[in-house]
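One-letter residues, chain by chain:
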Amino acid sequence: MRLKRTHTCGELTATHVGQEVVLNGWVENWRDHGGVIFIDLRDRYGKTQIVFYPQYEQFYPLAKKLRSEYVIAIQGIVRKRPDDAVNPNLFTGEIEIEVTDLEVLNESAVPPFEIKDYIDASEDLRLQYRYLDLRRPKLQNNILIRHQMAQFTRRFFSENGFVEIETPFLTKSTPEGARDFLVPSRLHKGKFYALPQSPQTYKQILMVAGFDKYFQIVKCFRDEDLRKDRQPEFTQIDLEMSFVDEDDVMGVMERFVQGLFKEILDEDIAIPFERIPYDVAMDKYGSDKPDTRFGLELQEVTSAFKGSGFNVFRNIAEQGGYIGCVVVDEGTRVSRKQVDDLTAYAKHLNSGLAFVRYRNGAFDSGIAKFLGQPEQNALTTILNLPQGALLFFVGNTDREFAQTVLGAIRLRLGEMLGLIDESVKKFHWIVDFPLLEFDPEEKRYVARHHPFTSPKLSDINLLDENPAAIKARAYDLVLNGNEIAGGSIRIHRKDVQEKVFQLLQIGTEEAQRKFGFLLKALEYGAPPHGGIAFGFDRLVMLMTGSQSIRDVIAFPKTARAVGLMEDTPSEVDEAQLKELGILVVGKKK
RNA sequence: GGGGUCGUAGUUCAGUUGGUUAGAACGCCGGCCUGUCACGCCGGAGGUCGCGAGUUCGAGUCUCGUCGGCCCCGCCA
């Protein structure tokens, strides 16, 4: 190229008037007035208006032919715009460039969609032409913020004594947790590596090795179905610390989050964050990642339905189940149609939803006709009902299930009634998680967090008699109803780890085969340690106000885990398969 | 694995009860225009209505299947 830029398209202002400059960039728009031609030249730094006059006969005809997304270089003089032609919406709007030389660096095919923030194309088209989508200022900004966040993260943890250490991607398949992505081994036919679901075991072993504080911004892989905030490959800010307890890990994270929000958004976040026990979160919000920006808290009304004429609820109450209620004080704000929508939503979650209105001191509509005087009295007493209230009920013999459904209804109501203040940022920790949960399919306990999570020391005597009651030394960080980080204090003693494996019905032989390397490491002076991992993509999504994780990942997959631009996954040559000793059976089409 | 929703011009969409030649805006192509900035004006090209069956005298429209995008449940320690 002949003309190399002296400035970017986002920096020239009135102070540069009179200077000769060279700009490189893409043609975003052109306005040909027959004589004078205006072109908006774009690069990632901004836009600058350049002007072609017919007097420049040697390149004016070429300027006539410039079209969207042509890549050009121009030389010119910075001119102050006439007063009535200043564009206050543009950083460079005070000036324009009178072009004195033009070089077309590359032409462009007509793009399948216009590359402007106000033009929207369907997402599959955007993903197919990702390089064009990424040229849009909005997406470029997301990626730039992501970069700044990664830089802050590295700086923060380095300054706090953490060491960035890479861990392998070709690792060992582990039971428990998500489905693994497998990588066949050519040198060992029939054997497979697994891509890491997280660097969990490696970072614990780094603690045994004495690195004391570790961190990494690292890709993790889980072969599970996608959501708008979930991709099969995603990035974690992963860390681990030795000689610490919960307060140390949470304290570092609070300072990290505070610094990050100050640096990126210039927002002041108050620390420490509130800690909410898991049981309280479930009782009040029906969620282990509650959105606490609004009320509508769950209230238990099981006792009101003992001996009720409403058979469904009476049975649940008498079988030791749970009946919960959410009260909308100004019930008239919810229309009959909205009630029906919520009922349909509950049905979608495999639950029923009952409702009743309270006005003029009496119950009507919904399940009112099933409510005898005792239930009515009990409800008014328990709930302290205002006139005009609307009550939603969910009951189930499975307490956690009923609470979860009611929690989902609560969220819907919050959105429906506009109770959520988007400008508020509510951080809190969820603590005191159960260590285990019963998996009815496998008919055994599985680890709620992961099998290396330490039980609470005070609960350790429950290991044999009542495993379900054991609490874990685990903590999740929640922001506005989104889980953004999760971690725990780990087991550092071999005897405790073996005990937990027993509970999970992972046999000694199996444990040795799958985690033997970790168990062995725990025998050689493993320090007490713990850590946490941040969902980096999700955090970028929240900090950029994006609706989908795909808008903060340069090259994301679709909901069916396909890369539309490069067309992946795809078939491979027979020769490649043969070399790996792989025979594909039951291939779809 | 299950459910919902969408699929019509390059793009975003409209398309009535099943009925003549499937429309609009933007984009694209050509022409005019020397102060616009989502410039303006005139003209033009552009369609396998995702794909395949079926019902019907007749299907963009109704039915079934299928493919794809998105959202949700399950799943995600």
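Reference entry: report on the structure contained in this document. These figures come from a predicted structure and were not determined experimentally. (Residues numbered from 1 in each chain as written. Chains lettered and ligands numbered in written order. Predicted model: local features only at pLDDT ≥ 70, side-chain atom pairs only at ≥ 80, totals over all residues. Heavy atoms only, no water.)

1. Examining the overall build of chain A
Step number 1: Of regular secondary structure, chain A possesses 16 helices and 22 strands.
Step number 2: Oriented by its inertia axes, the alpha-carbon framework of chain A measures out at about 95 × 75 × 55 Å.
Step number 3: Here chain A, with 589 residues, has 48% of them falling under the buried criterion.
Step number 4: For chain A, contacts bridging at least 24 residues in sequence account for 67% of all contacts bridging at least 6.
Step number 5: In the structure as shown, chain A presents an accessible area of about 29300 Å², 49% of it carried by carbon and sulfur atoms.
Step number 6: Here chain A contributes 75 positive and 86 negative side-chain charges, whose respective centroids are spaced 3 Å apart. (Helix = DSSP H or I, 4+ residues; strand = E, 2+ residues; numbered from the N terminus. Buried < 20%, exposed > 50% of the residue type's maximum accessible area, 1.4 Å probe, protein only. Contact = heavy atoms within 4.5 Å. Areas by Shrake-Rupley, 256 points an atom, 1.4 Å probe, with all protein chains shown as cover. Lys, Arg positive; Asp, Glu negative; His and termini not counted. Charge placed at Lys NZ, Arg CZ, Asp CG, Glu CD.)

2. A word on the sheet that holds strand S4 (residues 71–80)
Step number 1: Strand order around the closed barrel formed by five strands is S1-S2-S3-S5-S4, with mixed pairing between neighbours. For this sheet the average axis-to-axis angle between neighbouring strands, irrespective of direction, equals 55 degrees.
Step number 2: Here S4 runs beside strand S5 (residues 95–106); their pairing, made up of ten bridges, is antiparallel. Residue pairing for S5: Ile-72 is matched across the bridge by Val-104. (Pairing = 2+ DSSP bridges. Axes fitted to C-alpha atoms, helices over the stretch in contact; angles between N-to-C directions.)

3. So, the protein's contact with RNA strand B
Step number 1: Taken together, 54 residues surround RNA strand B, and among them Asn-29, Tyr-53, Ala-85, Ala-447 and His-449 come closest.
Step number 2: Within 4 Å of the protein, atoms of RNA strand B come from sugar and phosphate in 54% of cases.
Step number 3: At 3.2 Å from a sugar or linking oxygen of RNA strand B is found a side-chain nitrogen or oxygen belonging to His-33.
Step number 4: Taking Glu-114, its side chain carries an N or O atom lying 2.7 Å from a sugar or linking oxygen of RNA strand B.
Step number 5: The set of elements that each furnish at least two residues to the surface near RNA strand B consists of strand S1 (20–32), strand S2 (37–43) and helix H2 (123–128).
Step number 6: Per-element accounting of the surface near RNA strand B gives the leading share, four residues, to S1. (Near = heavy atom within 4 Å. Polar contact = N/O pair within 3.5 Å; in protein donor to acceptor, adjacent residues only side chain to side chain.)

4. A closer look at the pairing of strand S13 (residues 322–328)
Successive residues of a regular strand alternate their side chains across the two faces of the sheet.
Step number 1: Counting buried residues in S13 gives seven out of seven residues, a clear majority hidden from the surface.
Step number 2: Alternating positions in S13 separate into two faces, Tyr-322, Gly-324, Val-326 and Val-328 on one and Ile-323, Cys-325 and Val-327 on the other, with burial throughout.
Step number 3: Where strand S12 (residues 299–300) meets S13, two bridges bridge the pair, whose relative direction is antiparallel. Bridge assignment links Gln-299 to a residue of S13, and that residue is Cys-325.

5. Things to note about the packing of helix H13 (residues 494–503) against helix H14 (residues 508–522)
When two helices pack together, their arrangement is given by the angle between the helix axes and the distance between those axes.
Step number 1: At a closest axis distance of 10 Å, the pairing of H13 and H14 adopts a crossing angle of 160 degrees. Our classification of the angle between H13 and H14 gives roughly antiparallel. You can see that H13 and H14 cross each other, and the crossing is right-handed. The residues of H14 that touch H13, namely those facing Lys-494, Gln-497, Glu-498 and Phe-501, are Ala-511, Phe-515, Leu-519 and Leu-522.
Step number 2: Considering only residue class, the contact of H13 with H14 consists of five nonpolar, one polar and two charged. (Parallel < 35°, antiparallel > 145°, perpendicular 65-115°, else oblique. Left-handed = near helix turned anticlockwise from the far one by under 90°. Nonpolar A, V, L, I, M, F, W, Y, C, P; charged D, E, K, R; others polar.)

6. A look at the packing of aromatic side chains
Step number 1: For the coordinates displayed, the defined rule picks out 25 aromatic pairs.
Step number 2: With a centroid separation of 5.1 Å and 85 degrees between ring planes, the pair formed by Phe-156 and Phe-157 is classed as edge-to-face. The residues Phe-156 and Phe-157 share a single accessibility class, namely buried.
Step number 3: Considering the side-chain rings of Phe-501 and Phe-515, the 5.1 Å spacing of their centres and the 10 degrees angle between planes classify their relative orientation as stacked. Here the residue Phe-501 occupies a position in helix H13, and Phe-515 occupies one in helix H14, the gap between them amounting to 14 residues. Each member of the pair, Phe-501 as well as Phe-515, carries the same accessibility label: buried.
Step number 4: Within the aromatic cluster, the residues linked to one another by ring pairs are Phe-152, Phe-156, Phe-157, Phe-162, Phe-215, Phe-256 and Phe-534. (Phe/Tyr/Trp six-rings, centres within 6.5 Å; stacked < 30°, edge-to-face > 60°.)

7. With respect to the packing of helix H5 (residues 200–208) against H14
Step number 1: Taken N-terminus to C-terminus, the directions of H5 and H14 make an angle of 20 degrees; their axes are 10 Å apart at the nearest point. Classed by the angle they form, the pair H5 and H14 counts as roughly parallel. Seen along the crossing, H5 lies across H14 with a hand that is left-handed. In this structure, H5 contributes Thr-201, Gln-204, Ile-205 and Val-208 to the contact, and H14 contributes Phe-517, Leu-518 and Ala-521.
Step number 2: Classifying every residue of the contact of H5 with H14 gives five nonpolar, two polar and no charged.

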